[in-house]
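Read off the chains here:
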Amino acid sequence: MQVHVWAEDRPLPEAEAAMRRLYPNGIQGQIASFLRAEGGFEVTAATMQDPGQGLSPAVMDGVEVLVFWSHKHWRELDPQRVDELQNRVLDGMGLVLLHSAHASLLFARLMGTRTQCLRWREADERQRVWITAPAHPIAQGLKGEYFEIPADETYGEYFEIPQPETQVFLTQAAGGEVLRSGCCWTRGRGRIFYFSAGHETYPVYHQPEVQRVICNAVRWAGQGAPLPAWPGWARQAPPLAGPG
């Protein structure tokens, strides 16, 4: 399975030192490394600073799953890139969105809502990730009813997303917030999974449970049911045969 891991890799000045210490090869490098170790994936990685913002058609050719991590700079993604990625998902490419990618134009387009709307707070709080669909493929290999992330940015409801087709995780923060934090949808022929964990100043992507979720999600997103191709857009067609 061909997987492309993308991240902005442009932390805010106050977060630069912490992110480089935790993720010396960038968040995209850390995620790519444990996907490669998992086996069964052919993994590439890129950032917004690369040619074509790391998402050009040449780079994306043949990609079956895109792992998309974003924070503050998603507004700078070329609208043409967003159009191309949206169409790729509708045509069957899997998409795994992480953390602040909830605010991205790509996610909002695919959801049809103002996905940037949620509560947030950065206060080093413990997060308890409840497994609400233990039989789902994305939850396989996790033990118990929940796992905990010792410290992460806190997100909370109200989260303006359409009701997930499957909600795999619900996160409860130490401060009281809850969030629909692991959610599945299909759009066109493509499978989409959003997972909220992973602020750049916390070692969340080093945690085995989080790595298991992402590996499972990539495998799930890349195995959408094959559908016949559409015959084309805006084509002139003869009338359908009548009942007589």
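None of the values given here were measured: they were computed from a predicted structure.

All right, on to the overall build of the protein then. The helix and strand inventory of the protein stands at six helices and nine strands. On C-alpha atoms alone, the protein measures out to a radius of gyration of 18 Å, which is about the 18 Å that the 2.2 N^0.38 rule sets for 244 residues. Taken as two groups, the 22 positive and 27 negative side-chain charges of the protein have centres that lie 4 Å from each other.

So, about the packing of helix 2 (residues 26–38) against helix 6 (residues 208–221). Their axes nearest at 10 Å, the elements helix 2 and helix 6 cross at an angle of 70°. On the basis of their axis angle, the class for helix 2 and helix 6 is roughly perpendicular. For the pair helix 2 and helix 6, contact is made by Gln30, Ile31, Phe34, Leu35 and Glu38 and by Gln211, Arg212, Ile214, Cys215, Val218 and Arg219, respectively. Class assignment of the residues belonging to the contact of helix 2 with helix 6 gives a composition of six nonpolar, two polar and three charged.

One pass over the full model with this rule turns up zero disulfides. Free cysteine: Cys183, not disulfide-bonded; nearest cysteine sulfur from Cys184 at 7.5 Å. Taking the relative accessible area as the measure of exposure, Cys183 reaches 0% and is therefore buried.

Let's shift gears to the packing of aromatic side chains. One pass over the full model with this rule turns up nine aromatic pairs. Their ring planes at 65° and their centres at 5.7 Å tell us that Phe107 and Trp185 sit as a pair that is edge-to-face. Pair noted here: Phe107 is in helix 5 (residues 105–111) and Trp185 is in strand 8 (residues 178–187), with a separation of 78 residues, a long-range link. The exposure class assigned to Phe107 is buried, which follows from its relative accessible area of 0%. Measuring from centroid to centroid gives 5.6 Å for Phe169 and Phe195, while their planes differ by 55°, and the two rings are tilted. Taken as a pair, Phe169 in strand 7 (residues 166–173) and Phe195 in strand 9 (residues 190–195) lie far apart in primary sequence, 26 residues in all.

Helical periodicity: at 3.6 residues per turn, an α-helix aligns residues three or four positions apart in one direction. Its 14 residues place the ends of helix 6 20 Å apart at the C-alpha level, agreeing with the 20 Å of an ideal helix rising 1.5 Å per residue. Among the residues making up helix 6, those that are buried are Val210, Val213, Ile214, Cys215, Asn216, Ala217, Val218, Trp220 and Ala221.

This part takes up the nonpolar core. Core analysis: the biggest nonpolar cluster contains 42 residues, and Ile31, Leu35, Phe169, Phe193 and Tyr205 have the highest contact counts within it. Counting residues per element, this core draws most heavily on helix 6, which supplies eight residues.

Okay, helix 2 next. Between its first and last C-alpha atoms helix 2 spans 19 Å; for 13 residues at 1.5 Å apiece the expected length is 18 Å, and the two agree. Among all positions in helix 2, only Gly26, Ile27, Gln28, Gly29, Gln30, Ile31, Ala32, Phe34 and Leu35 are buried. Buried residues along helix 2 sit against strand 1 (2–7), helix 1 (16–22), strand 2 (42–47), strand 3 (65–69), strand 4 (94–98) and helix 6. One or two positions beyond helix 2, positive phi appears at Gly39, with a value near 85°.

Not every positive phi belongs to a glycine, and Gln53 is a case in point at roughly 60°. The phi angle at His99 is positive, at roughly 50°, despite the residue not being glycine. Here His99 shows up in the loop between strand 4 and helix 5. Judged by relative accessible area, which is 0%, His99 ranks as buried.

A separate point is the environment of Tyr194. Mapped onto the secondary structure, Tyr194 falls in strand 9. Taking the C-alpha atoms as reference points, Tyr194 and Ile214, 20 residues apart in sequence, are found 10.0 Å from one another. Within polar-contact distance, the side chain of Tyr194 engages the backbone oxygen of His99 at 2.8 Å.

Scored by pLDDT, the protein comes out at a mean of 89, with 92% of its residues at no less than 70. No element of the protein has a lower mean pLDDT than helix 1, which averages 87, and none a higher one than helix 6, which averages 98.

Here we come to the side chain of His99. Of the polar contacts made by the side chain of His99, one reaches the side chain of Tyr155; its length is 3.5 Å. Aside from chain neighbours lying at most four places away, what touches His99 is Trp69, Glu153, Tyr155, Tyr194, Phe195, Ser196, Ala197, Gly198, His199 and Tyr205.

Our focus in this paragraph is the pattern of salt bridges. Across all of its chains, the model carries 13 salt bridges by this definition. Here Arg114 makes a salt bridge to Glu160, at a shortest N to O gap of 2.8 Å. A residue pair is termed long-range when its members are at least 10 positions apart, and Arg114 in the loop between helix 5 and strand 5 (119–131) and Glu160 in the loop between strand 6 (146–156) and strand 7 qualify at 46 residues. Residues Arg180 and Glu157 are paired through a salt bridge, measuring 2.9 Å at the closest nitrogen-oxygen approach. Taken together, the residues span a long stretch of sequence, with Arg180 in strand 8 and Glu157 in the loop between strand 6 and strand 7 at a distance of 23 residues. Looking at Arg180, the relative accessible area reads 12%, which means it is buried. We classify Glu157 as partly exposed; its relative accessible area is 24%. Several salt bridges converge on common partners, so that one network encompasses Asp9, Glu16 and Arg20.

Calculation criteria
- Residues numbered from 1 in each chain as written.
- Predicted model: local features only at pLDDT ≥ 70, side-chain atom pairs only at ≥ 80, totals over all residues.
- Heavy atoms only, no water.
- Helix = DSSP H or I, 4+ residues; strand = E, 2+ residues; numbered from the N terminus.
- Rg over C-alpha atoms; globule rule 2.2 N^0.38 Å.
- Lys, Arg positive; Asp, Glu negative; His and termini not counted.
- Charge placed at Lys NZ, Arg CZ, Asp CG, Glu CD.
- Axes fitted to C-alpha atoms, helices over the stretch in contact; angles between N-to-C directions.
- Parallel < 35°, antiparallel > 145°, perpendicular 65-115°, else oblique.
- Contact = heavy atoms within 4.5 Å.
- Nonpolar A, V, L, I, M, F, W, Y, C, P; charged D, E, K, R; others polar.
- Disulfide = S-S within 2.5 Å.
- Buried < 20%, exposed > 50% of the residue type's maximum accessible area, 1.4 Å probe, protein only.
- Phe/Tyr/Trp six-rings, centres within 6.5 Å; stacked < 30°, edge-to-face > 60°.
- Expected span 1.5 Å × (residues − 1).
- Core = buried A, V, L, I, M, F, W, Y, C linked by side-chain atoms within 4.5 Å.
- Polar contact = N/O pair within 3.5 Å; in protein donor to acceptor, adjacent residues only side chain to side chain.
- pLDDT = per-residue confidence, 0-100.
- Salt bridge = Lys/Arg side-chain N within 4 Å of Asp/Glu carboxyl O.

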